[in-house]
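Residue-level structure breakdown
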Amino acid sequence: MDKTRISVESFVSKTLQLLEKERTSEIEETRSLTEKLPSKELQRRGVCLLKLHISSRKTGLFGRVIISFETHLEALPSNSFSPGDIIGLNTSQGDNQSDSLGSGLVTKVSQSAVSVAFDESQDLFSLDDGPSDYYKLTKLANDVTYKRLKRTLGNLSKVQRGECANLVSVLFDEQPLSPPNNIQDLKFINENLDESQQDAVQFALAQKELAVVHGPPGTGKTTTVIEIILQAVKHGNKSSTGTLTSPPPPTCQMKLSATVKLTERLV
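Notes on the structure follow. None of these values were measured; they are calculated from a predicted model.

This paragraph deals with the pairing of strand 2 (residues 65-71). Taking burial as the measure, the 7 residues of strand 2 include 6 buried ones, the bulk of the element. The pairing of strand 1 (residues 48-59) with strand 2 spans 7 bridges and is antiparallel. Paired with serine 56 across the strands is serine 68, a residue of strand 2. Counted along the chain from strand 1 to the antiparallel partner strand 2, the turn is 5 residues long, and its residue phenylalanine 62 has a positive phi close to 60 degrees. Inspection of the sheet shows strand 2 paired to strand 5 (residues 113-118) by 6 bridges, in the antiparallel sense.

What follows is the structure, encoded as structure tokens:
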């Protein structure tokens, strides 16, 4: 069977284009929704904050204007705003979204205020900040995941040597998997592992580039991955990383957190 290969450069370039389209589409879709619903309903849903006034503004890094918006109440209404959110700024009068004053990135959220960084191209120092001048912030999207994915894709395109380069070559079918190492006399740290978990640990440690641990929910995959990480650190392989395909439940998160702390001490 013929295989259609794609180079790392082509993959990164194409994925970046799709990522940008997805981000633009998410922002436009959210903006369209906010135009259809009343501002009070949006605030009830936690994606809009009304009647905010400017408490301070300053110039931040790269010439960005950072403005703090404060509520006239004791505290902000319940909301889902967090650092990294892309927001739209409007005057807090009626439900018309056409009076957009710009868009920015949330940098800080406190009990009574939200700080937003705006691009230097937006002239926001001229905004009125009197006691009767109110503004509203509407959540459009979150930029954190987008930036992480973009940064990771950028790093992927720069990988040229070392273990990571070998892994990338295997994943993109540029070279076959290396022959496994011969693991002998492995002493398990967790003595309660069953036979299938022990086999998975030995299999993963023997691989030089890639190993996949899979199984139905509740079969001990997280416990197995923790053993793999601890064994890798114990034997001096500090570059090994355990990756979960889905967010673990709280109990597993606690196990992983404890493992990370233990690993840091071992390293």
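That covers the picture; the talk isn't over yet.
Let us look at the layout of surface pockets. Taken as a whole, the second largest pocket spans an internal volume of roughly 210 Å³. Looking at the second largest pocket, it is lined by 12 residues, and the ones nearest its centre are Arg64, Ser103, Gly104, Leu105 and Ala117. Mapped by element, the contributors of at least two residues to the lining of the second largest pocket are strand 4 (100-109) and strand 5. Sort the elements by how many residues they give to the lining of the second largest pocket and strand 4 lands first, with 3 residues. Each residue belonging to the lining of the second largest pocket can be placed in one class, and the counts come to 4 nonpolar, 3 polar and 5 charged.

This part covers the nonpolar core. Core analysis: the largest hydrophobic core is formed by 18 residues, its most contacted members being Ile67, Phe69, Leu89, Val116, Phe118 and Leu137. At the level of secondary structure, the elements contributing two or more residues to this core comprise strand 1, strand 2, strand 3 (85-91), strand 5 and strand 6 (135-142). Beyond its immediate stretch of four places on either side in the chain, leucine 89 contacts Phe69, Asp99, Ser100, Leu101, Gly102, Phe118, Leu124, Leu127, Tyr135, Lys136 and Leu137. Grouped together as the second largest cluster of nonpolar side chains are 8 residues, Val8, Val12, Leu153 and Phe172 included.

Rules used in this analysis
Residues numbered from 1 in each chain as written. Predicted model: local features only at pLDDT ≥ 70, side-chain atom pairs only at ≥ 80, totals over all residues. Heavy atoms only, no water. Buried < 20%, exposed > 50% of the residue type's maximum accessible area, 1.4 Å probe, protein only. Helix = DSSP H or I, 4+ residues; strand = E, 2+ residues; numbered from the N terminus. Pairing = 2+ DSSP bridges. 1 Å grid on protein atoms, 1.4 Å probe; cavity = no way out; pocket = protein on both sides within 12 Å on 5 of 7 lines; lining within 4 Å. Points joined across faces, edges and corners; volume = space filled by probe spheres on them. Nonpolar A, V, L, I, M, F, W, Y, C, P; charged D, E, K, R; others polar. Core = buried A, V, L, I, M, F, W, Y, C linked by side-chain atoms within 4.5 Å. Contact = heavy atoms within 4.5 Å.

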